Amino acid sequence: MRIVNLLLVLIISNFAFSESILFKNASIYTGDSTEILKEHDLLIVDGKISDIRSDITISADKVFNLGGKIITAGFISPFTHLGLIEINQIAATRDDSSDLYSAGFSISQAFNPSSTLIPYNLNGGLTSAISAPSGNRLFSGLGSAFSLSGNTDSLISRDIALYGSIGADGESKAANILLIEDTFELARKFNEDSSEIQEFGLPDSVKYSKRDLLAIKRVLNKEIPMVVSINRASDIITMIDFAKNQDIKLVIMGASEGWMVSSQLAESNIPVILEPINNLPASFDRLGSRLENAALLNDAGVKILIAYDEWETHNAYLSRQGAGIAVSYGLPWHEAINALTKNVSDTFNIPNRGSLLIGHHADLIVWDADPLEVTSFPEQIYISGKLMSPNTRSLMLRDRYLNKD
Amino acid sequence: MERYLLYIFFLSFLYSCSSEIFDNTPREPESNDVFASTYQPSPSGDILITGGRVLTGTGEELEDVDILIKDNVIQEISETITPGSDSIVIDAEGKWITPGIIDIHSHMGVYPAPSLRSNSDGNEATSPVTPHVWAEHSFWTQDTQMPLALKGGTTTFHVLPGSANLFGGRGVTLKNVWSKTVQGMKFPGAPYTLKMACGENPKRVYGSGSGPSTRMGNVAGYRVEWIKAKEYRDKPYKTRDLKLDTLQGVLNGEILVQNHCYRGEEMAVMIDVAKEFNYKITTFHHAVEAYKVADMLAENNICAALWADWWGFKHEAFDMVWENVAIVDQAKGGTGCAIVHSDSAIGIQRLNQEAAKAMAAGIRAGFDIPKKRAIQWITKNPAKALGIDDRVGTLEKGKMADLVIWDSDPFSVYSKTELVMIDGIIKYDSSDPSTPKPTDFELGIISPDENRL
């Protein structure tokens, strides 16, 4: 009997996977052009986007008439610690930093798809996210891209960027840049087959493992970008020159004063990850912080990616509020959506996600209204064509106390 | 030398005897004149704001009405007011108008930006019992966060000491005006407040030292001090005690308790402590679990000051629901007192959006919460919880002319302030780049001829 049930489940789930879903009369922002396609239909077959046209007449297993509601690609947060932190102040729930490894610290194997933060942020509008190590160190480690499906196969791409910072530890930024240069030099010479790491030439206190140097080699080979947290205009210029001299792919995180050096950022094709709501001159490195930063950078031709707040992974989905605020300070709406979707997948080379193109994963959201509005909610969320549950632990708590059971 | 010391000892013995003898002499009371407000708005003249759509804060939404301001206060709100010959007329057709926003939980000035060890003055974390410290004595008047909050429509804010201590000290209510002294910002006649804190923070800060190290230690700590305070009030001590002055002020109903408290069962315990010593808790702050005890809060006439969605930074903030504000608001037939607060110099710039999120969540849960009610979470209700609702928080005749003109619906992410007025004086005008007035810190800080803002 059990076996029969199991078979039935398998048949049904297999059937569900191969099902077709047709959305009629939607307003679709594909990411392929700056326009919203009004009164268009979108067809999902086998978890992929199969067709987008003004009138799809094919019969499908499920058909929804959306009455003009907006469909976008599911949002991708470019910087979170999702799956790595449950409660910030409880160290035992955190897997986001390492003292053993530096550049080679890959967070990927600690990712917990059952974290309560995942369905919560999914229902806020994120279908995937980059989970990065924290620590604000010279080299914090490697980040990976995950789907927020909650399944054990959430990993999309492993070790897609190296994270670092030059202004975090009280050491002069100049010394930190020298140390990165020396470390890069060591990594260039490092031969994987050699039995020992020759660390002469580095300060005595600095040690790297084989993993660390191999991770840096990937940056030097331009396989992955290095994401550096910096905010001051002059530091951004320094890092632009550094990236040019070292011939690496650089992404800047923070860039509070980016608007002051926007043309240099644009010329060197360096994308920036912004937290548009963070306009406080919170330190002497970000005295020029302002809400117009996103719009000014975009106007200059810089590729922008929008995150929420590095320290607030629990509400990573609020990147869409940040995007809305950036729009109210001059960023075009479609650029704000791009900054939440395809600019992230392009920058970090996450294939077949981030825009609604034929053949892409059907990671998409049907919104009850404008997705950048603070009063909007996702109505239906799909990951690879599979309808996600609207439930969260938070919603269950709400219902317990609303119904007073 | 020895003899001299002996003489002193004898004198002090006499002195202590005399203090016994004159025990019934009332000690010198706390003076109301010390650190008194010197805030005085310049005369506003007559201002007529025409044609706006007004969320009054009283629970009404009025379309296409005029507002007349005279002598810094609201004189009249009605459908057609004829301007006087000297009136300044502001056309607000198509715009939204709300009362000036009030943030009941701010640390601006005591945790300023830039954030430096030299200016982090919000927690006197040297003892869990510090009701004698006053936030206003830490306050840096040139904090860059205040003009940003002003641009966001915040006209009044309440600055609290931090939450390291069981009794953190006195809070102060300020007008969001540039001044070189804190006295020049103090809301005239606003009552003082006392910051108290439940839960994880005191036990985390003191747990490895003198204690408390548990929640039961916290509660014992409050009760020990309230016993002292009752004695201080009822028995004529000769010498003033700054700590007990503050606690006595609470027992006498002059100082309002603003209690940081997250968990439902802790709020219930704190309500019982308040009953034991016969004082009132005005507001529970942060109260992530207020929805679990919403009826109890309404029955006891206690407000809850809440975030729309912050959670997870510590265990007591794990049970967050988006509907928290709405559930508190709707408790006991809509008699609950819900407040949306910031505790953040980023959040204080857009409390309208935070209220919008909380409203949307409430509507989604099936509550009927119109904008004219939700606006009260950031205007009338915080004014009530700060004891200043007779002067601000609503747009009514006789109230201080603190108001905001928005370019569109303030419950939208796209809405921005066009004009922010405090006591009828324009402090921010989106068309005037010289407003808001930059702080001293911001002058020439970008370059020798370029200010921040």
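Residues numbered from 1 in each chain as written. Chains lettered and ligands numbered in written order. Predicted model: local features only at pLDDT ≥ 70, side-chain atom pairs only at ≥ 80, totals over all residues. Heavy atoms only, no water.

K.L.:
Sorry if this is basic, but what is going on with the overall build of chain B here?
P.N.:
When you go through chain B residue by residue, the secondary structure sums to 11 helices and 16 strands. Whereas a compact globule of 453 residues would reach a radius of gyration of roughly 22 Å, chain B reaches 24 Å, a difference of no more than 12%. By its C-alpha atoms, chain B is 85 × 50 × 45 Å across when sized along the principal axes. Taking all 453 residues of chain B together, the buried fraction comes to 58%. (Helix = DSSP H or I, 4+ residues; strand = E, 2+ residues; numbered from the N terminus. Rg over C-alpha atoms; globule rule 2.2 N^0.38 Å. Buried < 20%, exposed > 50% of the residue type's maximum accessible area, 1.4 Å probe, protein only.)

K.L.:
Where do I start with the overall build of chain A in this structure?
P.N.:
Secondary structure assignment for chain A yields 11 helices and 16 strands. Viewed in the frame of its principal axes, chain A has a C-alpha envelope of about 65 × 55 × 45 Å. Classification of the 405 residues of chain A by burial places 58% in the buried group. Considering only contacts in chain A between residues 6 or more positions apart, those separated by 24 or more positions represent 67%. Split by element, the accessible area of chain A, about 16800 Å² in all, is 50% carbon and sulfur. In chain A, which carries 33 positive and 48 negative side-chain charges, the distance between the mean positions of the two groups comes to 4 Å. (Contact = heavy atoms within 4.5 Å. Areas by Shrake-Rupley, 256 points an atom, 1.4 Å probe, with all protein chains shown as cover. Lys, Arg positive; Asp, Glu negative; His and termini not counted. Charge placed at Lys NZ, Arg CZ, Asp CG, Glu CD.)

K.L.:
Explain the side chain of Asp309 of chain B to me, please; I cannot follow it from the model alone.
P.N.:
When you line up the elements, Asp309 of chain B lands in the loop between β12 (303–306) and α8 (324–334). A polar contact is formed between the side chain of Asp309 of chain B and the side chain of Lys357 of chain B, at a distance of 2.8 Å. Once residues lying within four places of it in the same chain are set aside, the contact partners of Asp309 of chain B are Tyr120, Asn315, Tyr317 and Leu318 of chain A together with Met320, Trp322, Glu354 and Lys357 of chain B. (Polar contact = N/O pair within 3.5 Å; in protein donor to acceptor, adjacent residues only side chain to side chain.)

K.L.:
Got a minute to help me understand the confidence of the model for chain B in this structure?
P.N.:
Residues and elements named next belong to chain B. Of the residues in chain B, 95% reach a pLDDT of 70 or more, and the chain-wide mean stands at 94. A low-confidence stretch, residues 1–22 (pLDDT under 50), is modelled with 0 contacts involving residues beyond four sequence positions or located in other chains. Interface scoring of the predicted complex returns ipTM 0.94; its pTM is 0.94. (pLDDT = per-residue confidence, 0-100.)

K.L.:
Help me understand the sheet that holds β12 of chain B, please; the structure alone is not making it clear to me.
P.N.:
Through backbone hydrogen bonds, the strands of a sheet pair up, either in parallel or in antiparallel fashion. Residue and element names in this part refer to chain B. Taken together, the 8 strands give an open sheet; going across it, the order is β6-β7-β8-β9-β10-β11-β12-β13, and neighbouring strands pair in mixed fashion. With partners counted over all chains shown, the strands left at the sheet margins are β6 (101–106) and β13 (338–340), one partner each. Adjacent strand axes in the sheet meet at a mean angle of 25 degrees, parallel and antiparallel pairs treated alike. Pairing analysis gives 4 bridges linking strand β7 (residues 154–159) to strand β8 (residues 167–175), with the strands arranged antiparallel. From the neighbouring strand, Phe157 faces β8, where its bridge partner is Leu174. (Pairing = 2+ DSSP bridges. Axes fitted to C-alpha atoms, helices over the stretch in contact; angles between N-to-C directions.)

K.L.:
I'm lost on the interface of chain A and chain B in this one. Help?
P.N.:
Between chain A and chain B, the contact holds 51 residues from the first and 49 residues from the second. Taken over both partners, the interface formed by chain A and chain B buries close to 4200 Å², and the fraction arising from carbon and sulfur atoms is 62%. Where chain A meets chain B, there are 2 salt bridges. Put simply, chain A and chain B have 24 residue pairs in polar contact (both at pLDDT 80 or more) between them. (Buried area = accessible area lost by both parts, 1.4 Å probe. Salt bridge = Lys/Arg side-chain N within 4 Å of Asp/Glu carboxyl O.)

K.L.:
What's the story with the side chain of Gln380 of chain A in this structure? I'm lost.
P.N.:
Residues and elements named next belong to chain A. Note on placement: Gln380 falls in strand β15 (residues 378–383). A distance of 2.4 Å separates the side chain of Gln380 from the side chain of Tyr382, its partner in a polar contact. Not counting residues within four places of it along the chain, the set of residues in contact with Gln380 comprises Phe23, Phe64, Leu66, Leu364, Ile365, Val366 and Leu387.

K.L.:
Looking at this structure, how should I read the packing of aromatic side chains?
P.N.:
Any aromatic ring pair is given by two values, namely how distant the centres are and how the planes are angled relative to each other. In total, this model carries 28 aromatic pairs over all chains according to the counting rule given. Consider the rings of Phe35 of chain B and Trp134 of chain B, whose centres lie 5.4 Å apart with planes at 65 degrees: the pair is edge-to-face. Here the residue Phe35 of chain B occupies a position in the loop between α1 (2–21) and β1 (46–55), and Trp134 of chain B occupies one in the loop between β6 and α2 (145–151), the gap between them amounting to 99 residues. An aromatic cluster of three or more residues is present, and its members are Tyr120, Tyr317 and Phe377 of chain A together with Trp311, Phe318 and Trp322 of chain B. Here the basic side chain of Arg290 of chain A rests over the ring of Trp259 of chain A, its NZ or CZ set 4.4 Å away from the ring centre. (Phe/Tyr/Trp six-rings, centres within 6.5 Å; stacked < 30°, edge-to-face > 60°. Lys NZ or Arg CZ within 6 Å of the ring centre and 35° of its normal.)

K.L.:
Sorry if this is basic, but what is going on with the state of the cysteines here?
P.N.:
One way to say it: the disulfide is the covalent bond shared by the sulfur atoms of two cysteines. All names here are of chain B. Counted by the stated rule, this structure contains 2 disulfides over all chains. Sulfur-sulfur distance for the disulfide between Cys198 and Cys261 comes to 2.4 Å. When the S-S torsion is -90 degrees, as for the bridge of Cys198 with Cys261, the disulfide is left-handed. One end of the pair, Cys198, is in the loop between β9 (193–197) and α3 (200–206); the other, Cys261, is in strand β10 (residues 256–261), and 63 residues separate them in sequence. (Disulfide = S-S within 2.5 Å.)

K.L.:
Help me understand the nonpolar core, please; the structure alone is not making it clear to me.
P.N.:
Soluble, globular proteins show a tendency: their nonpolar side chains are buried together. Counting residues in hydrophobic clusters, the biggest one holds 186 residues, and the most contacted among them are Phe139 and Leu265 of chain A together with Trp226, Tyr279, Phe284 and Trp377 of chain B. Counting residues per element, this core draws most heavily on helix α9 (residues 351–364) of chain B, at 7 residues. If we ignore the near neighbours within four places in the chain, the residues touching Trp377 of chain B are Val325, Asp329, Ala338, Ile339, Val340, Ala355, Ala358, Met359, Ile369 and Pro382 of chain B. Within the second largest apolar cluster, 17 residues are counted, among which are Ile130, Ala161, Ile273 and Ala307 of chain A. (Core = buried A, V, L, I, M, F, W, Y, C linked by side-chain atoms within 4.5 Å.)

K.L.:
Looking at this model, I keep getting lost on helix α4 (residues 210–220) of chain A. Mind explaining?
P.N.:
Every α-helix carries 3.6 residues per turn, so stepping three or four residues along brings you back to the same face. Residues and elements named next belong to chain A. Considered for burial, the residues of α4 that qualify are Asp212, Leu213, Ala215, Ile216, Val219 and Leu220. An end-on view of α4 places all buried positions within 155 degrees of arc, on one side of the element. Buried residues along α4 sit against β8 (141–147), β9 (155–165), α3 (173–189), β10 (226–230) and α5 (233–246). After α4 finishes, the residue Lys222 shows a positive phi value of roughly 60 degrees. (Arc of directions from axis to C-beta.)

K.L.:
What's the story with the packing of helix α4 (residues 215–234) of chain B against helix α6 (residues 264–277) of chain B in this structure? I'm lost.
P.N.:
In a packed pair of helices, the relevant descriptors are the angle between the two axes and the axis-to-axis distance. All names here are of chain B. Between α4 and α6, the least distance of the axes is 10 Å, while the angle of their chain directions is 15 degrees. In this view, α4 runs roughly parallel relative to α6, as classed from their interaxial angle. Seen along the crossing, α4 lies across α6 with a hand that is right-handed. Here α4 contributes Arg215, Val219, Tyr222, Arg223, Trp226, Ile227 and Lys230 to the contact with α6, which in turn contributes Glu266, Val269, Met270, Val273, Glu276 and Phe277. Each residue belonging to the contact of α4 with α6 can be placed in one class, and the counts come to 8 nonpolar, no polar and 5 charged. (Parallel < 35°, antiparallel > 145°, perpendicular 65-115°, else oblique. Left-handed = near helix turned anticlockwise from the far one by under 90°. Nonpolar A, V, L, I, M, F, W, Y, C, P; charged D, E, K, R; others polar.)

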